[in-house]
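Coordinate inspection notes
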Amino acid sequence: MFLLTGYEYFLGFLLIAAAVPVLALVTNLIVAPKGRTGERKLTYESGMEPIGGAWIQFNIRYYMFALVFVIFDVETVFLYPWAVAFNRLGLLAFIEALIFIAILVIALAYAWRKGALEWS
Amino acid sequence: MEYGLDLEYSFNEFLKGLGLSSEIAHIIWLPLPMLLVLVAAVVGVLVTVWLERKISAAAQQRIGPEYAGALGVLQPIADGLKLLVKEDIIPAKADGILFTAGPILVLVPVILSWLIVPFGQNLLISNVGIGIFLWIALSSIQPIGLLMSGYASNNKYSLLGGLRAAAQSISYEIPLALSVLAIVLMTNSLSTIDIVNQQSGAGILSWNIWRQPVGFIVFWICALAECERLPFDLPEAEEELVAGYQTEYAGMKFALFYLGSYINLILSALLVSILYLGGWGFPIPVELIAKFLNLPINAPFIQVFTASIGIVMTVLKAYLLVFIAILLRWTTPRVRIDQLLDLGWKFLLPISLANLLITAGLKLAFPQFFGG
């Protein structure tokens, strides 16, 4: 029935998991009071009248972290098959992974030195 | 070591006895463990919420909930019902679709991750081959939902909270994945069942925590950060950001965030106990108990004992960790955002990389102690 055995459970559980918030929200829609408008629809800003919106251009300081994250996330994806098959690959695979990680550590040291990991 | 009950097989045999074909039996069986796990997760959340309120009260020399049921055990249910009948407010300036999709996108992957949580040899929904890797993949969906709800609120606090949540999640995901990698290296498998079985044998002495003490601490810190628990609850820091990305949320959508964060906490505690504390394993090896009672290892009593003690041990270990997490929340101050990022990138990342390489080296040198 399925190409990958065991994954029909994943699909089924995805449907059940998705049904939980949908059912909760629909129940809320039915039983909760509604139709009231006015002040309650105002954006919260500590009791003040909101000044301007939040959809403006500003410096997102985390973008450097996001870039470094992509590098290391891809690295871990490459390392998972290596870790699973390590007992069959032996010393050579260890040295290869050592070189692979060493290159990334140099990249991390470079990013660190350049101040990409600084908040201010 | 293939002991434990196979419920699926006996259930299917029972249905076939009623004259149904094996395909129909399989389809009838399919949703049962899922619903059971879902109910278990929700009950776990109710217990955790009650524990949190009682322990926080004890930490601050208050009494805590006491009127709803004995010792206030029904308080979380009352809270849930209250939120269910609360009015749903979508701010006029917000993006309605993204505002609704955000909490759903946060909750669904967290529930879905319970697919791979084993409570016993055969007591899990599905032993998918990629196991723990599926959890790593699913946990990276959550920041998208947080970012989405923060942005859709069109509120300055929400936007800052959502950005913080995303930055925090991605910063701590890499040390988390690397410390899981060290376990995978020792197990030669991604399956959670194999990970627990690899830790059985000598009881408490063969648990991964002794072979991976650094990995255990790194994983626990990262798990707390991923759950946005104090000392890492910057995305919803009350004093600065009101409630972070959930500022504009009310009623059921707020409850979805709440439910998601507590399910995530219990999930993390369960995963710590599976990866490092022997999962469903009893601290004393079953062989020793069987020998002490002069029974063979496959005696019915021993089989029932291991199957029933398995669930108790898993839940006990997980709740011990939940207890520690709650105590930490009510006794530690919050870190600053630069301290948080420094801890993740400049301390935990190098440490977990070194831990991975040292584990690989030790596995080459002493294969018998590190899973062959």
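Residues numbered from 1 in each chain as written. Chains lettered and ligands numbered in written order. Predicted model: local features only at pLDDT ≥ 70, side-chain atom pairs only at ≥ 80, totals over all residues. Heavy atoms only, no water.

Put simply, the rule reads: UniProt positions are given in the numbering used here, feature names are shortened, and annotations may be inferred rather than shown by experiment.
Chain A is annotated in UniProt as NAD(P)H-quinone oxidoreductase subunit 3 of Prochlorococcus marinus. Per UniProt, chain A has the following entry under Subunit: "NDH-1 can be composed of about 15 different subunits; different subcomplexes with different compositions have been identified which probably have different functions." In its Sequence similarities section, UniProt records this for chain A: "Belongs to the complex I subunit 3 family."

**A look at the packing of aromatic side chains**
Applicable threshold: Planes of paired rings set the category: under 30 degrees apart is stacked, over 60 is edge-to-face and the rest tilted, where pairs are Phe, Tyr or Trp rings (Trp by its six-membered ring) whose centres lie within 6.5 Å. In this description a helix means any DSSP run of H or I spanning at least four residues, a strand means any run of E spanning at least two, and both kinds are numbered starting from the N terminus. Three exposure classes are used, based on accessible area relative to the maximum for each residue type with a 1.4 Å probe and protein chains only: buried under 20%, partly exposed in between, and exposed over 50%.
On inspection of all chains with the given rule, the structure shows 16 aromatic pairs over all chains. Summarising the aromatic geometry, the rings of Trp55(A) and Tyr151(B) are spaced 5.3 Å apart at their centres and angled 20° between planes, so their arrangement reads as stacked. With Trp55(A) in the loop between helix H1 (7–31) and helix H2 (63–84) and Tyr151(B) in helix H7 (residues 142–152), this pair bridges two chains. Residue classification places Tyr151(B) among the partly exposed residues on the basis of a relative accessible area of 41%. When the ring of Phe78(A) is compared with that of Phe100(A), the centres are 6.2 Å apart and the planes differ by 85°; the resulting orientation is edge-to-face. Pair noted here: Phe78(A) is in helix H2 and Phe100(A) is in helix H4 (residues 91–113), with a separation of 22 residues, a long-range link. Its relative accessible area of 30% is what places Phe100(A) among the partly exposed residues.

**A short note on the pattern of salt bridges**
All names here are of chain B. To keep it simple, the criterion reads: Salt bridge, as applied in this entry: a Lys or Arg side-chain nitrogen positioned within 4 Å of an Asp or Glu carboxyl oxygen.
According to the stated counting rule, one finds seven salt bridges over all chains in the structure shown. Arg 329 serves as the salt-bridge partner of Glu 52, at 3.2 Å between the closest nitrogen and oxygen. Of this pair, Glu 52 sits in helix H3 (residues 31–59) while Arg 329 sits in helix H15 (residues 300–331), and the two are 277 residues apart along the sequence. Take Glu 52: its relative accessible area is 3%, and that puts it in the buried class. Taking the relative accessible area as the measure of exposure, Arg 329 reaches 24% and is therefore partly exposed.

**Some points on the UniProt feature "transmembrane region" in chain A**
All names here are of chain A. Following the UniProt record, one finds the feature "transmembrane region" at residues 10–30, 64–84 and 89–109. The span residues 10–30 shows a helical share of 100% and a strand share of 0%, and its end C-alpha atoms are spaced 30 Å apart. Measuring from the first to the last C-alpha atom of residues 89–109 gives 29 Å, for a span that is 95% helix and 0% strand.

**Here's the deal with the packing of helix H5 (residues 96–112) of chain B against H7(B)**
Residue and element names in this part refer to chain B. Put simply, the rule is: Where helices are involved, their axes are fitted lines through C-alpha atoms of the stretch in contact, as for all axes, and angles between N-to-C directions lie from 0 to 180°. Angles are sorted into four bins: roughly parallel if under 35 degrees, roughly antiparallel if over 145, roughly perpendicular if 65 to 115, and oblique for all others. By convention, the crossing between two helices is left-handed when the near helix turns anticlockwise from the far helix through less than a right angle, and right-handed when the turn is clockwise. Note on definitions: a residue-residue contact is assigned when non-hydrogen atoms from the two residues lie within 4.5 Å. Just so you know the grouping, Ala, Val, Leu, Ile, Met, Phe, Trp, Tyr, Cys and Pro go in nonpolar, Asp, Glu, Lys and Arg go in charged, and all remaining residues, Gly too, go in polar.
Where H5 meets H7, the closest approach of the two axes is 8 Å, and the angle between their N-to-C directions is 160°. What the angle tells us is that H5 and H7 run roughly antiparallel. Of the two elements, H5 crosses H7, and the hand of that crossing is left-handed. Of H7, the residues touching H5 (which contributes Leu 98, Phe 99, Ala 101, Gly 102, Leu 105, Val 106 and Val 110) are Gln 142, Ile 144, Gly 145, Leu 146, Met 148, Ser 149, Tyr 151 and Ala 152. Looking at the contact of H5 with H7 residue by residue, the class counts come to eleven nonpolar, four polar and no charged.

**Considering the interface of chain A and chain B**
So the rule is basically this: Summed over both partners, the accessible area lost on bringing two parts together, with a 1.4 Å probe, is the buried area.
Listed per partner, the contact involves 62 residues of chain A and 83 residues of chain B. Interface area, chain A with chain B, both sides summed: about 6600 Å², of which 76% is carbon and sulfur. At the junction of chain A and chain B, the tally comes to zero salt bridges. Of all the secondary-structure elements, those providing two or more residues to the side of chain A that touches chain B are H1, H2, helix H3 (86–89) and H4 of chain A. Looking at which element gives the most residues to the side of chain A that touches chain B, the answer is H1(A), with 17 residues. Partitioned by chemical class, the residues of the side of chain A that touches chain B number 43 nonpolar, eleven polar and eight charged.

**Quick notes on the confidence of the model for chain B**
Detailed reading of the predicted coordinates is not advisable wherever pLDDT falls low. So the rule is basically this: pLDDT is a residue-level measure of predictor confidence that goes from 0 to 100.
Looking at chain B, pLDDT values average 83 and 97% of them are 70 or higher. Across the assembled chains, the prediction reports ipTM 0.84 with pTM 0.86.

**Some remarks on the packing of H3(B) against H15(B)**
Packed helix pairs are specified by the crossing angle of their axes together with the interaxial distance, meaning the distance between the axes. Residues and elements named next belong to chain B. Viewed as axis vectors pointing N to C, H3 and H15 meet at an angle of 40°, and their least axial separation amounts to 10 Å. Relative to H15, H3 is oriented oblique. Pair H3 / H15 crosses with right-handed handedness. Residues Gly 44, Val 47, Thr 48, Leu 51, Glu 52, Ile 55, Ser 56 and Ala 59 of H3 pack against Tyr 319, Val 322, Phe 323, Ile 326, Leu 327, Arg 329 and Trp 330 of H15. Residue composition of the contact of H3 with H15, by class: ten nonpolar, three polar and two charged.

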